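Geometric and topological summary
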Amino acid sequence: MNEIGAVETLLFVAGDEGLSLEEIATVLECTTQFAFQLLTQLQKNYESSKASGLMLLEVGNHYQLATKKEYAGIIKKYAVSPLSTNLSQAALETLAIIAYKQPLTRMEIDEIRGVQTSGALQKLLLRGLIEDKGRVNGPGRAILYGTTNYFMDYFGLKNIKELPAIDELEQDQEEVESDLFFEKFNQQFQSQEE
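Residues numbered from 1 in each chain as written. Predicted model: local features only at pLDDT ≥ 70, side-chain atom pairs only at ≥ 80, totals over all residues. Heavy atoms only, no water.

Under an unreviewed UniProt entry, the name given to the protein chain is Segregation and condensation protein B, and the organism recorded is Carnobacterium maltaromaticum. The heading Sequence similarities (unreviewed entry) in the UniProt record of the protein chain holds the text "Belongs to the ScpB family." We quote the UniProt Subcellular location (unreviewed entry) comment for the protein chain here in full: "Cytoplasm". (UniProt positions renumbered as here; feature names shortened; annotations may be inferred.)

This part covers the packing of helix α5 (residues 89-101) against helix α7 (residues 118-127). Here α5 crosses α7 at 75°, and the two axes come no closer than 9 Å. Classified by the interaxial angle, the pair formed by α5 and α7 is roughly perpendicular. Contacts between α5 and α7 pair Ala 90, Ala 91, Thr 94, Leu 95 and Ile 98 from the former with Ala 120, Leu 121 and Leu 124 from the latter. For the contact of α5 with α7, the class distribution of residues is 7 nonpolar, 1 polar and no charged. (Axes fitted to C-alpha atoms, helices over the stretch in contact; angles between N-to-C directions. Helix = DSSP H or I, 4+ residues; strand = E, 2+ residues; numbered from the N terminus. Parallel < 35°, antiparallel > 145°, perpendicular 65-115°, else oblique. Contact = heavy atoms within 4.5 Å. Nonpolar A, V, L, I, M, F, W, Y, C, P; charged D, E, K, R; others polar.)

The next subject is the sheet that holds strand β2 (residues 54-59). Strand order in this open sheet of 3 strands is β1-β3-β2, and the pairing throughout is antiparallel. Each of the sheet's edge strands pairs with one partner strand only, and the pair in question is β1 (19-20) and β2. When β2 meets strand β3 (residues 62-67), the two strands line up antiparallel, connected through 6 bridges. Note that in β3 the partner of Glu 58 across the bridge is Tyr 63. In this fold helix α3 (residues 32-48) packs onto β2 and β3, with an angle of close to 135° to the strand it touches most, β2. (Pairing = 2+ DSSP bridges.)

A complete count under the given rule lists 3 salt bridges for this structure. Of the charged contacts in the structure, one is a salt bridge between Asp 110 and Arg 106, with a shortest N-O distance of 2.7 Å. One end of the pair, Asp 110, and the other, Arg 106, are both in helix α6 (residues 106-113), 4 residues apart, so they sit about a helical turn from each other. We classify Asp 110 as buried; its relative accessible area is 12%. Arg 106 gets classed as buried once you look at its relative accessible area, which sits at 5%. With a closest N to O distance of 2.8 Å, Glu 131 and Lys 133 form a salt bridge. Taking the relative accessible area as the measure of exposure, Glu 131 reaches 33% and is therefore partly exposed. (Salt bridge = Lys/Arg side-chain N within 4 Å of Asp/Glu carboxyl O. Buried < 20%, exposed > 50% of the residue type's maximum accessible area, 1.4 Å probe, protein only.)

When we look at burial in helix α2 (residues 21-28), the residues that qualify are Leu 21, Ile 24 and Ala 25. The arc enclosing the buried residues of α2, seen along the axis, measures out at 100°, which places them on a common side. Along α2, exposed side chains directed more than 90 degrees from the buried face belong to Thr 26 and Val 27. Residues of α2 that are buried make contact with α1 (3-14), β1, α3 and β3. Where α2 ends, the next residue or the one after it, Glu 29, has phi of about 55°, a positive value. (Arc of directions from axis to C-beta.)

Attention now goes to the side chain of Thr 147. Considering the arrangement of structural elements, one finds Thr 147 in strand β5 (residues 143-147). What Thr 147 contacts, discounting residues up to four positions off in sequence, is Ile 98, Ala 99, Gln 102, Leu 129, Ile 130, Glu 131, Lys 133 and Ile 160.

Our next topic: unusual backbone geometry. A cis amide bond links Gln 102 with the next residue in sequence, Pro 103, at an omega value of -10°. As for its position among the elements, Pro 103 is in the loop between α5 and α6. Its identity is not glycine, yet Glu 29 carries a phi of approximately 55°, on the positive side. When you line up the elements, Glu 29 lands in the loop between α2 and α3.

Together, Tyr 150, Tyr 154 and Phe 155 make up a nonpolar patch on the protein surface, roughly 350 Å² of accessible area in all. Within the element layout of this structure, Phe 155 appears in the loop between α8 (149-154) and α9 (166-193). Since its relative accessible area comes to 41%, Phe 155 is described here as partly exposed. (Patch = residues over 30% accessible without salt bridge, like charges linked within 9 Å, V, L, I, M, F, W, Y side chains within 5 Å. Areas by Shrake-Rupley, 256 points an atom, 1.4 Å probe, with all protein chains shown as cover.)

Now the structure itself:
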């Protein structure tokens, strides 16, 4: 396993939360000095490569991957292109979690969904449906996400309290599932009679 590739992989998976030097060293089971050397080499690799659109950022005491400024135009173009007009199921689930539980961190969203959500978060940020609402007071100073005014306009809401109550949604889902069960049961029963 290439150690620089391992650092790059960890930073990719960490997404916009990034990782501290200590976190990288812990996962790679090395000293912080060696982890810093790996980060420095990764940064040099990005700076010297004309073929890479990525760069390494140090924000506070965290490191994260970001796109180089010269690619901002292509990212904006993608954000408004037909390729990105429909939100994926992952993005919709992530948006619903944020709408109902805001403000919350990416890690909290990941825990609720049970999978990593940095890609969905990036898409929602690019679409202007969510925004940075501040940072958590504590280690890592994780970003808190919440919905935007554009989200409110897009869904025709005056305030967030106009979202349907979760228990109503659960009841509707149970009714749909119950109807589907009885429909399937009746179909099987009728086919057995024939």
